[in-house]
Protein chains: 2
Amino acid sequence: MRSGELARLCGVSPDTLRHYERLGILPKPPRTSGGYRDYPTEAAARVRLVRSALSVGFSLPELATLLRMRSGGQFPCRETRRLAESKLVEVKRQLKGLKGMRGQLESILSDWDARLARTAKGQPAHLLETLPDRLSRTKQAAPFPKNQRSKSKP
Amino acid sequence: MRSGELARLCGVSPDTLRHYERLGILPKPPRTSGGYRDYPTEAAARVRLVRSALSVGFSLPELATLLRMRSGGQFPCRETRRLAESKLVEVKRQLKGLKGMRGQLESILSDWDARLARTAKGQPAHLLETLPDRLSRTKQAAPFPKNQRSKSKP
DNA sequence: CTTGACCCTGGAACCGATTCCAGGGTGTAA
DNA sequence: TTACACCCTGGAATCGGTTCCAGGGTCAAG
């Protein structure tokens with residue numbers, strides 16, 4: 001199977017397949033005489049595995065590690081489970097942050113609508129200025145993935 | 001007030017202040033004879049405005065646009081409101097996706113625990129392989145911000 | 001023989017907010 | 001005068017997953 005076909009089959013682009021191969025996530029397939037990749041049928045299962053793992057929060061480097069250990073004869077089941085658990089923790093953290101944002105936005109919008117109703121067109125309503133007061137009381141959890149960069153010097 | 005002091009006061013880094021200034025979000029302050037920025041007291045309010053707008057989903061370019069219009073004598077109240085509304089829509093979209101992920105992860109973990117309980121140490125449990133089947137039935141909403149890149153050629 | 005669809009490669013762009021860097025000045029206290 | 005903390009600048013790095021690029025090959029149908 002050539003890359004375009006496998007890509008269509010899995011709902012990804014051929015570029016993405018090459019990318020997975022570069023990261024060691026998709027095994028290098030044999031080549032045809034013309035230099036084309038010739039994927040075995042199992043490749044589709046592997047790609048779908050990767051896609052579904054991504055969709056629950058695994059990262060490509062993590063998958064690379066797990067899949068490489070496996071092809072090295074190990075079975076990182078416990079590591080895999082622990083990783084999934086940490087994904088759940090992270091998802092819960094982000095959920096908390098997003099729910100906070102949703103509540104803030106809803107109350108902001110109703111407040112702003114009230115202000116706009118009593119503000120003539122072309123006049124300042126100073127909407128943005130109302131944000132800091134509103135948000136100063138409640139602490140927000142970051143709704144984006146935690147990518148901790150070291151603040152320490154090497 | 002020098003940059004370090006304002007930064008401490010607002011809980012950001014001096015680098016971040018410079019960044020805001022580069023984007024036209026924080027007005028250029030006067031300089032001391034030594035070339036240091038000398039922020040007026042109002043600067044802190046502006047920085048806090050920006051921080052709080054960021055925390056509910058506004059982006060720096062969006063803030064730059066709004067704040068520039070304002071300093072140009074306009075009052076983009078309606079635009080501001082519409083923008084906030086679109087942020088709420090986006091937050092709801094992400095919430096849907098994250099809730100889906102949470103459910104998936106929870107059921108995955110309990111399934112994996114059952115599998116691990118009946119798998120001897122050092123033996124393969126094939127945890128990752130169970131993902132595609134589990135996820136194939138339900139469609140997931142992307143839990144990350146939609147950054148649509150055009151697929152069309154110029 | 002030409003068209004057109006497909007494939008190859010390594011490297012770079014993209015998103016956004018923040019941080020880091022090198023190489024150089026300012027200002028104050030011991 | 002010599003530490004030391006702080007500040008300046010423009011440009012680049014960072015995170016991750018995907019896409020894009022140029023310049024070139026493969027291969028079937030017409």
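Residues numbered from 1 in each chain as written. Chains lettered and ligands numbered in written order. Predicted model: local features only at pLDDT ≥ 70, side-chain atom pairs only at ≥ 80, totals over all residues. Heavy atoms only, no water.

1. Focus on the protein's contact with DNA strand D
Operational definition: Being near a molecule or strand, for a residue, means having at least one of its heavy atoms within 4 Å of it. Counted as a polar contact is a pair of N or O atoms within 3.5 Å, where, for protein atoms, one must be capable of donating a hydrogen and the other of accepting one, and residues adjacent in sequence contribute only when both atoms are in side chains. Labels follow the DSSP assignment, with helices taken as runs of H or I lasting at least four residues and strands as runs of E lasting at least two, numbered in each case from the N terminus. Polar here means any residue other than Ala, Val, Leu, Ile, Met, Phe, Trp, Tyr, Cys and Pro, which are nonpolar, and Asp, Glu, Lys and Arg, which are charged; Gly is therefore polar.
Among the 29 residues in the neighbourhood of DNA strand D, the closest are listed as H19, Y36 and R51 of chain A together with G4 and R37 of chain B. Here Y20 of chain A contributes a side-chain N or O atom positioned 2.9 Å from a phosphate oxygen of DNA strand D. Backbone polar atom of L60 of chain A to a phosphate oxygen of DNA strand D: 3.1 Å apart, as the coordinates give it. Contributing elements (two or more residues each) for the surface near DNA strand D: α2 (14-22), α3 (42-55) and α4 (60-71) of chain A together with α1 (3-10) and α2 (14-22) of chain B. Per-element accounting of the surface near DNA strand D gives the leading share, 5 residues, to α2 of chain A. Grouping the amino acids of the surface near DNA strand D by side-chain chemistry returns 7 nonpolar, 11 polar and 11 charged.

2. Notes on the protein's contact with DNA strand C
Residues in contact with DNA strand C amount to 27 residues; listed here are only the nearest, G4 and R37 of chain A together with H19, Y36 and R51 of chain B. One of the side-chain nitrogen or oxygen atoms of D15 of chain B is found 3.5 Å away from a base nitrogen of DNA strand C. Looking at the surface near DNA strand C, the elements with two or more residues in it are α1 (3-10) and α2 of chain A together with α2, α3 (42-55) and α4 (60-71) of chain B. Top element by residues in the surface near DNA strand C is α2 of chain B. It accounts for 5 residues. Across the surface near DNA strand C, the residue classes tally to 7 nonpolar, 9 polar and 11 charged.

3. Structural notes on the interface of chain B and chain A
Selection criterion: We call two residues contacting when some pair of their heavy atoms lies within 4.5 Å. Accessible area that two parts lose when put together, with a 1.4 Å probe and added across both, is what the buried area reports. Salt bridges, as used here, are contacts in which a Lys or Arg side-chain nitrogen is within 4 Å of a carboxyl oxygen on Asp or Glu.
Each partner contributes to the interface: chain B provides 49 residues, whereas chain A provides 49 residues. Roughly 4500 Å² is buried in total at the junction of chain B and chain A, and carbon and sulfur atoms are behind 77% of that figure. Looking only at chain B, the three residues that lose the most surface to chain A are R81, L105 and L128 of chain B, adding up to 14% of its buried area. Linking chain B to chain A there are 4 salt bridges.

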